[in-house]
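These are the residues of each chain, in order.
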Amino acid sequence: MARGEQPVPERREILVKGLVQSVGFRPFVHRLASRFPVSGFVRNHAGGVLIEVQGDRDALDRFAASVLEQAPPLSRIDAVQSRMVAVQSDSGFTIRPSEDDDSLDVLISPDVAMCEDCLAELFDAQDRRHGYPFLNCTNCGPRLTIIQGAPYDRERTTMAAFTMCAACEAEYRDPRHRRFHAEPTACPTCGPQLQLLSPGGEPVESADPLALFRQAILRGEIGALKGIGGFHLVCDARNSAAVGELRRRKRRDARPFAIMVREVQTAAIWCDLSPRERELLQSQRRPIVLLRRRREESPHSTPLAAAVAPDNPYLGVLLPYSPLHQLLMEPLRDVPLVMTSGNHSDEPIVHRDEDVVARVGALVDVILTHDRPIAVRCEDSVTRVVDGRELPVRRSRGVAPEPVRLPFPLSEPVLAVGGQLKGCFALGRGSRAVLSHHLGDLDHLAAFQAFEHDVGLYEQMFHIRPRGIVHDRHPDYAPTRYARQRAEAEGLELHAVQHHHAHLASCLADNGLNETVIGVVFDGTGLGLDDALWGGEFLIGDCGGFERVAHLRYLRLPGGDQAIRHPWRMAVAHALDAGCEPTGLPLVAPTERRIVERMAATGLNAPNTSSVGRLFDAVAALIGLCRTASYEGQAAAQLEWLATDVVATGSYPFELSQDRTVDTRPTIQAIVQDVRRGVEPARVARRFHSTVVEIVAAVCTRIRSETELGAVALSGGVFLNALLAHEVYARLTADGFQVYRHRQVPPSDGGLCLGQLAVAAARQAALRPTSADSPAGNDR
Ligand SMILES: [Zn+2]
Ligand SMILES: [Zn+2]
Ligand SMILES: [Zn+2]
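Naming follows an unreviewed UniProt entry, where the protein chain appears as Carbamoyltransferase of Schlesneria paludicola. Among the UniProt annotations of the protein chain, the heading Pathway (unreviewed entry) holds the following wording: "Protein modification; [NiFe] hydrogenase maturation."

## Quick notes on the packing of aromatic side chains
Aromatic rings considered in pairs are described by the distance between their centres and by the relative angle of their planes. As enumerated under the stated definition, the model contains 13 aromatic pairs in all. Where Phe63 meets Phe93, the ring centres are 6.3 Å apart and the plane angle is 55°; that geometry is what we call tilted. With Phe63 in helix 2 (residues 57-69) and Phe93 in strand 5 (residues 93-95), this pair connects stretches of sequence that are 30 residues apart. Of the two residues examined, Phe63 and Phe93, each falls in the buried class. Measuring from centroid to centroid gives 5.8 Å for Phe425 and Phe451, while their planes differ by 85°, and the two rings are edge-to-face. A residue pair is termed long-range when its members are at least 10 positions apart, and Phe425 in the loop between strand 19 (414-416) and strand 20 (426-429) and Phe451 in helix 11 (residues 445-461) qualify at 26 residues. Taking the relative accessible area as the measure of exposure, Phe451 reaches 0% and is therefore buried. For the cation-ring pair, Arg292 lies above Tyr314, with the distance from its terminal atom to the ring centre recorded as 5.5 Å. Directly above the aromatic system of Tyr729 lies the positively charged group of Arg741, at a separation of 3.8 Å from the ring centroid.

## Observations regarding the nonpolar core
Among the nonpolar cores identified, the biggest contains 66 residues, and Val520, Phe522, Phe538, Phe616, Ile671, Cys700 and Leu732 are the most heavily contacted of them. A total of ten residues in this core trace back to one element, the largest contributor, which is helix 20 (residues 681-707). By size, the runner-up hydrophobic cluster in this structure holds 40 residues, among which are Ala426, Val470, Cys507 and Trp534.

## Quick look at helix 13 (residues 499-510)
End to end, helix 13 covers 16 Å across twelve residues, agreeing with the expected 16 Å (1.5 Å per residue, within 8%). Within helix 13, twelve of the twelve residues are buried, which leaves the element mostly enclosed by the surrounding structure. Within the span of helix 13, buried status applies to His499, His500, His501, Ala502, His503, Leu504, Ala505, Ser506, Cys507, Leu508, Ala509 and Asp510. Residue Gln498 occupies the N-cap position of helix 13, its side-chain oxygen lying 2.8 Å from the main-chain nitrogen of His500.

## Description of the domain arrangement of the protein chain
For the protein chain, the assigned domains read domain 1 (10-95), domain 2 (116-173), domain 3 (194-382) and domain 4 (389-501). Averaged C-alpha coordinates put domain 3 and domain 4 at centres separated by 30 Å. Carbon and sulfur atoms make up 52% of the surface buried where domain 3 meets domain 4, a total of about 1600 Å² over both sides. Joining domain 3 to domain 4, the criterion identifies four salt bridges. For Arg394, the salt bridge is made with Glu379, and the minimal N-O distance between the two is 3.8 Å. Where domain 3 packs against domain 4, one counts 13 residue pairs in polar contact (both at pLDDT 80 or more). In terms of residue class, the side of domain 3 that touches domain 4 is built from nine nonpolar, one polar and eight charged.

## Quick notes on the sheet that holds strand 18 (residues 403-405)
The sheet built from six strands is open, its strands ordered 18-21-20-19-22-23 with mixed pairing. In this open sheet, the two edge strands, each paired with only one partner strand, are strand 18 and strand 23 (493-497). When strand polarity is set aside, the average angle formed by the axes of neighbouring strands in this sheet is 25°. Of the pairings in the sheet, the one linking strand 20 to strand 21 (residues 432-435) comprises four bridges and is antiparallel in character. The residue bridging Gly428 from the neighbouring strand is Ala433, located in strand 21.

## What to know about the coordination of the zinc ion (ligand 2)
Each protein donor to the zinc ion (ligand 2) is listed here as Cys165 (SG), Cys168 (SG), Cys187 (SG) and Cys190 (SG); together their distances run 2.2 to 2.3 Å. Coordination geometry of the zinc ion (ligand 2): the four donor atoms subtend angles of 105 to 118° at the metal centre, consistent with an arrangement described as tetrahedral. Sequence positions of the residues that donate to the zinc ion (ligand 2) give the spacing C-x2-C-x18-C-x2-C. With Cys165 in the loop between helix 3 (116-122) and helix 4 (166-173) and Cys190 in the loop between helix 4 and strand 6 (194-197), the pair connects residues that are 25 residues apart, well separated along the chain.

## Points about the environment of Val357
The residue Val357 is located in helix 10 (residues 353-360) in this model. For Val357, a relative accessible area of 29% gives the class partly exposed. Distance in space between the C-alpha atoms of Val357 and Leu197 is 9.2 Å, their sequence separation being 160 residues. Among all residues touching Val357, those that are not within four sequence positions of it are Pro199, Gly200, Gly201, Ala362 and Ile367.

## So, the environment of His742
Tracing the chain through its elements places His742 in the loop between strand 32 (738-740) and helix 22 (752-764). Not counting residues within four places of it along the chain, the set of residues in contact with His742 comprises Glu390, Leu391, Pro392, His503, Ser506, Cys507, Asp510, Leu714, Ser715 and Pro747. One polar contact links the side chain of His742 to the main-chain carbonyl oxygen of Val745, over a distance of 3.3 Å.

Definitions and cut-offs
Residues numbered from 1 in each chain as written. Chains lettered and ligands numbered in written order. Predicted model: local features only at pLDDT ≥ 70, side-chain atom pairs only at ≥ 80, totals over all residues. Heavy atoms only, no water. UniProt positions renumbered as here; feature names shortened; annotations may be inferred. Phe/Tyr/Trp six-rings, centres within 6.5 Å; stacked < 30°, edge-to-face > 60°. Helix = DSSP H or I, 4+ residues; strand = E, 2+ residues; numbered from the N terminus. Buried < 20%, exposed > 50% of the residue type's maximum accessible area, 1.4 Å probe, protein only. Lys NZ or Arg CZ within 6 Å of the ring centre and 35° of its normal. Core = buried A, V, L, I, M, F, W, Y, C linked by side-chain atoms within 4.5 Å. Expected span 1.5 Å × (residues − 1). Polar contact = N/O pair within 3.5 Å; in protein donor to acceptor, adjacent residues only side chain to side chain. Domains from an automatic or database assignment. Buried area = accessible area lost by both parts, 1.4 Å probe. Salt bridge = Lys/Arg side-chain N within 4 Å of Asp/Glu carboxyl O. Nonpolar A, V, L, I, M, F, W, Y, C, P; charged D, E, K, R; others polar. Pairing = 2+ DSSP bridges. Axes fitted to C-alpha atoms, helices over the stretch in contact; angles between N-to-C directions. Donors = N, O, S within 2.8 Å, 3.2 Å for Na, K, Ca; no water. Tetrahedral: all angles 85-135°; square planar, octahedral: opposite > 155°, others 65-115°. Contact = heavy atoms within 4.5 Å.

Here's what the structure looks like:
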């Protein structure tokens with residue numbers, strides 16, 4: 001352009017796709033536009049946010065770059081499409097109302113932790129929200145857990161009952177304000193209030209219910225605290241009597257408790273923290289992070305009660321994520337609080353005030369609740385770091401319903417209903433998979449009812465009407481029955497996917513891949529194509545199909561589900577199978593030996609299984625570690641904890657037959673021998689872990705020599721075991737394999753729905769024939 005010449009205005013249409021609605025994106029664009037010599041408008045649009053902006057080219061370029069660089073913290077931009085449009089005569093820059101479009105692709109943000117601005121207000125004595133436990137803004141606060149319908153606005157949230165005061169209303173209407181269209185916005189004048197209750201539900205009047213609650217906890221009492229997604233049970237984690245009493249009242253539940261601490265430095269009193277772990281603890285998601293405990297706690301610190309997480313080298317830690325938690329923790333300084341799900345054993349977490357007295361009243365001495373209802377029950381997310389990378393354990397509060405990208409698109413929208421034990425469903429459209437929060441064991445009526453309700457809610461929120469449903473091959477899973485009934489009623493296309501194929505596809509999708517790999521899938525159990533319960537599987541496949549090329553040798557699972565609850569049964573079954581006399585081993589009574597023997601002989605209620613999870617159970621019971629489990633995977637977890645700090649000294653023998661069946665009878669014989677010789681259980685546990693690593697390495701090497709496949713995907717709940725996940729990865733990598741692990745969704749059944757969607761997408765794309773699940777390989 002020559003000097004003195006007027007720049008020619010241009011007009012550009014910019015379509016921003018991704019997580020850009022309900023996160024303050026439009027006000028952000030509005031504020032940004034005021035800093036440039038431009039005019040135009042911004043509005044929500046199908047698939048994202050649409051901006052039309054006019055000005056000289058240089059201003060437009062700088063404006064567009066700033067949109068990307070300075071996007072609001074909760075937003076996530078997946079794609080930007082830009083094109084030239086005709087110049088118009090608008091003055092100024094405005095936010096236009098949305099066009100009412102039924103195909104609106106609204107992406108609801110997860111419930112994320114309080115932002116820095118709100119934190120500053122919370123502790124600013126001059127601010128009108130000073131000390132208010134329910135403040136929030138467009139950059140933070142509850143979302144998923146308060147939604148009752150779509151589209152997302154205040155009328156369809158549990159904030160509908162609270163009429164905004166004039167001051168809140170003014171902020172809500174002001175495009176320049178951080179609370180512009182912050183649907184859950186509230187203040188002490190107009191918003192929710194705390195209420196203290198006795199365990200029987202009688203209101204306890206107090207000017208400062210939170211202070212009374214805190215005092216009760218510090219006196220050694222147990223409290224129920226209503227948080228974002230449900231009620232937690234709370235007590236002083238230093239107080240052995242209080243923690244012991246909580247364990248006693250929760251009876252059958254042996255799960256480790258998580259603790260909440262005020263800040264990351266407090267966690268460092270008891271745990272070693274890597275930079276990645278610090279980052280995760282402080283992230284907006286605020287998950288429970290499983291941290292390595294220090295071998296020796298600092299001499300100046302108060303020890304944690306042993307009953308918080310007995311015999312466990314890890315500690316689940318989380319930081320305050322709501323203003324209520326922040327206010328509770330602030331005066332406590334370095335005092336850690338137990339923060340565990342408010343429920344009995346496997347039941348879903350309590351989230352309604354109507355239920356709290358009946359369901360956890362007997363467990364607590366005091367209840368702190370409030371009048372903002374929780375619409376969607378949502379437990380804390382749990383994660384851990386292995387080899388510097390995240391390995392999700394449970395994907396829930398703070399993460400759901402953030403979408404995951406599929407490696408290739410679905411041609412039609414699909415609902416994947418997932419598995420049974422760690423309920424989680426996924427809705428897929430195009431390349432996007434929206435995974436639900438964690439729904440727990442769907443065998444529980446309350447959990448299944450939540451599943452049905454939440455499927456409907458997600459379909460409404462994301463405007464996805466599925467044309468197909470994909471489910472596990474297991475006919476008795478509650479979600480499978482749901483899928484079949486619904487497909488029948490609505491005429492939807494139905495896909496059954498074999499459990500371990502879904503695990504393999506989940507790991508591939510998690511890594512954005514669809515290539516043929518060796519899938520090592522180790523879990524509790526899943527129904528195989530031959531109706532045996534698989535769980536120690538080596539597959540070759542991609543999202544479209546698979547071949548089972550190796551597996552653990554079958555053995556009878558004595559008593560089906562009973563065997564899961566009672567690891568001693570697996571110990572007896574494996575010992576008898578290996579030709580060892582189980583009587584006289586630490587946890588076995590002679591009568592029990594006879595029960596298992598009879599079942600194995602008749603095969604009655606004793607299906608064949610190749611499960612690695614159950615092999616872990618057997619070893620845990622053989623060494624006297626766990627006789628009866630109060631939750632699925634307890635014995636295997638205890639075995640991992642016991643082995644964690646032991647130096648590796650060799651492994652046990654096993655046999656890999658010509659047809660690639662892995663025979664662990666020599667392993668069991670050697671373990672029984674070690675137990676009888678009085679070898680320390682921790683050494684046996686460690687050697688057993690090394691044995692599993694050797695098995696994986698031997699089978700993968702054999703498969704590579706026969707197929708030249710050099711990439712391995714690791715999936716299944718057994719790979720939540722950090723020791724195993726690390727060792728298998730290290731060994732295979734050293735042997736020259738490319739190894740893929742989970743990083744966005746858990747390797748357990750909580751990630752199954754993503755794999756089911758990926759398989760459905762592959763079948764729709766007909767990358768493989770739809771009969772891809774036909775049996776093959778050495779499977780007889
Ligand atoms: Zn905020
Ligand atoms: Zn107000
Ligand atoms: Zn599984």
